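Notes for the structure review
The chain contents come next:
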Amino acid sequence: MSLSEYDPARFAAIIENSSDAIISKGLDGTVQTWNRAAERLFGWTAEEMIGESIRRIIPEDRQAEEDAILARVQAGDLVPRFQTIRQTKNGERIPIAVTVSPIRNAEGTIVGASKIANDLLTTMARVFGPIPGGLAVSVVIVGAFLAASTGIVGATVVTMGLLSLPTMLRHN
């Protein structure tokens, strides 16, 4: 079966009901679609985000990442999965993993990008389950994991652990 034979409503349902945050944006960074998982992860509803800049979820100290992502997408590159920090509606900074792909129209022209994001803390909780020693040990393990996976070292590990506390408490 070819892609053109699939029902657009089926594709929309798959995206809307995914456990991954799936977001599309124009080449100027304007959000065009925002699924339910994005609502849960970042706290903003689709109505609040569609038509707004994706930079709303990017902390000030990470804005250059978006410039680099847009440049790669405009060049037609897939941006491989990477770990970063984004912020929620209430200002909480959360560690996420993101993959970014160009969106092309029927003529093959790049018209935007799709982003698939996962909350790293939730992913780790699923992989490792309850960790003996409680929350304090969990924070250290999360900090060490983020340090190893992102190249962050030293005092930043402690900072990441502390930043993760609200999310860890929210997700038990």
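Residues numbered from 1 in each chain as written. Predicted model: local features only at pLDDT ≥ 70, side-chain atom pairs only at ≥ 80, totals over all residues. Heavy atoms only, no water.

1. Brief notes about empty space enclosed by the protein
Which entries qualify depends on this criterion: Definitions used throughout: a 1 Å grid over protein atoms alone; a cavity as a set of points that fits a 1.4 Å probe which cannot get out; a pocket as an open set with protein on both sides within 12 Å along at least five of seven lines; a lining residue as one with an atom within 4 Å of a point. Grid points are joined across faces, edges and corners, and a volume is the space filled by probe spheres set on the points. Note on conventions: DSSP H or I runs of at least 4 residues are helices, E runs of at least 2 residues are strands, and numbering of each starts at the N terminus. Charged means Asp, Glu, Lys or Arg here, nonpolar means Ala, Val, Leu, Ile, Met, Phe, Trp, Tyr, Cys or Pro, and polar covers whatever is left, Gly included.
Here the structure, examined in full by the defined rule, presents one cavity of 30 Å³ or more. Here the largest cavity defines a volume of roughly 70 Å³. Lining the largest cavity are Ala 21, Ile 23, Phe 42, Ile 54, Ile 57, Ile 58, Arg 86, Ile 96, Val 98, Lys 115, Ile 116 and Ala 117. Contributing elements (two or more residues each) for the lining of the largest cavity: strand 1 (21-26), strand 4 (93-104) and strand 5 (110-119). Looking at the lining of the largest cavity element by element, the count peaks at three residues for strand 5. Class assignment for the residues of the lining of the largest cavity results in 10 nonpolar, no polar and two charged.

2. Considering the pattern of salt bridges
Here is the rule: The rule for a salt bridge is simple: a side-chain nitrogen of Lys or Arg has to be within 4 Å of a carboxyl oxygen of Asp or Glu. For each residue, the accessible area found with a 1.4 Å probe, counting protein chains only, is set against the maximum for its type, and the residue is called buried under 20%, exposed over 50%, and partly exposed in between.
Counted according to the given criterion, the structure contains eight salt bridges. In this structure, the salt-bridge partner of Asp 61 is Arg 93, at a minimum N-O distance of 3.2 Å. In this pair, Asp 61 sits in the loop between helix 3 (46-49) and helix 4 (63-74) while Arg 93 sits in strand 4, placing the two residues 32 residues apart along the sequence. You can call Asp 61 exposed: its relative accessible area is 56%. One salt-bridge network, held together by shared partners, links Lys 25, Glu 66 and Lys 115.

3. What to know about the side chain of Arg 86
Our working rule: The term polar contact refers here to a pair of N or O atoms within 3.5 Å; inside protein, the definition further demands a hydrogen-donor-capable atom paired with an acceptor-capable atom, and it admits residues adjacent in sequence only when both atoms are side-chain atoms. Note on definitions: a residue-residue contact is assigned when non-hydrogen atoms from the two residues lie within 4.5 Å.
The residue Arg 86 is located in strand 3 (residues 79-87) in this model. What makes Arg 86 buried here is its relative accessible area of 3%. Separated by 2.9 Å, the side chains of Arg 86 and Glu 65 make a polar contact. Apart from residues no more than four positions distant in its own chain, Arg 86 is found in contact with Phe 42, Ile 57, Ile 58, Pro 59, Arg 62, Glu 65, Ile 69, Glu 92, Arg 93, Ile 94 and Ile 96.

4. Considering the packing of aromatic side chains
This is how it is decided: Note on ring pairs: Phe, Tyr and Trp rings are taken, using the six-membered ring of Trp, and paired if centres are within 6.5 Å. Classes follow the plane angle, with under 30 degrees stacked, over 60 edge-to-face and the rest tilted.
For the coordinates displayed, the defined rule picks out one aromatic pair. For the pair Trp 34 and Phe 42, a centre-to-centre distance of 5.6 Å together with 45° between the ring planes defines the contact as tilted. Here Trp 34 matches Phe 42 in class, with each residue buried.

5. Things to note about the confidence of the model for the protein
For clarity, the threshold we go by: Each residue gets a pLDDT score, which is the predictor's confidence in that residue and runs from 0 to 100.
Here the protein averages 80 in pLDDT, and 67% of its residues register 70 or above. Per-element confidence in the protein ranges from a low mean pLDDT of 56 for helix 7 (residues 155-170) to a high of 97 for helix 3.

6. Considerations on the sheet that holds strand 1
Paired through backbone hydrogen bonds, the strands of a sheet run either parallel or antiparallel to each other. The condition that has to hold: At least two bridges found by DSSP between two strands are what make those strands a pair. For helices, the fitted line uses only the C-alpha atoms of the stretch in contact; every axis is such a line through C-alpha atoms, and the angle between N-to-C directions lies from 0 to 180 degrees.
Pairing in this open sheet of five strands is antiparallel, and the strands run 2-1-5-4-3 from one edge to the other. Looking at strand neighbours, the two that pair on one side only are strand 2 (31-34) and strand 3, the edges of this open sheet. The sheet shows a mean angle of 30° between the axes of neighbouring strands, taken without regard to direction. Pairing between strand 1 and strand 5: six bridges, direction antiparallel. For Gly 26, the partnering residue across the bridge sits in strand 5 and is Gly 112. On the sheet, helix 4 packs against strand 1, strand 3, strand 4 and strand 5 and is oriented at approximately 150° with respect to strand 3.

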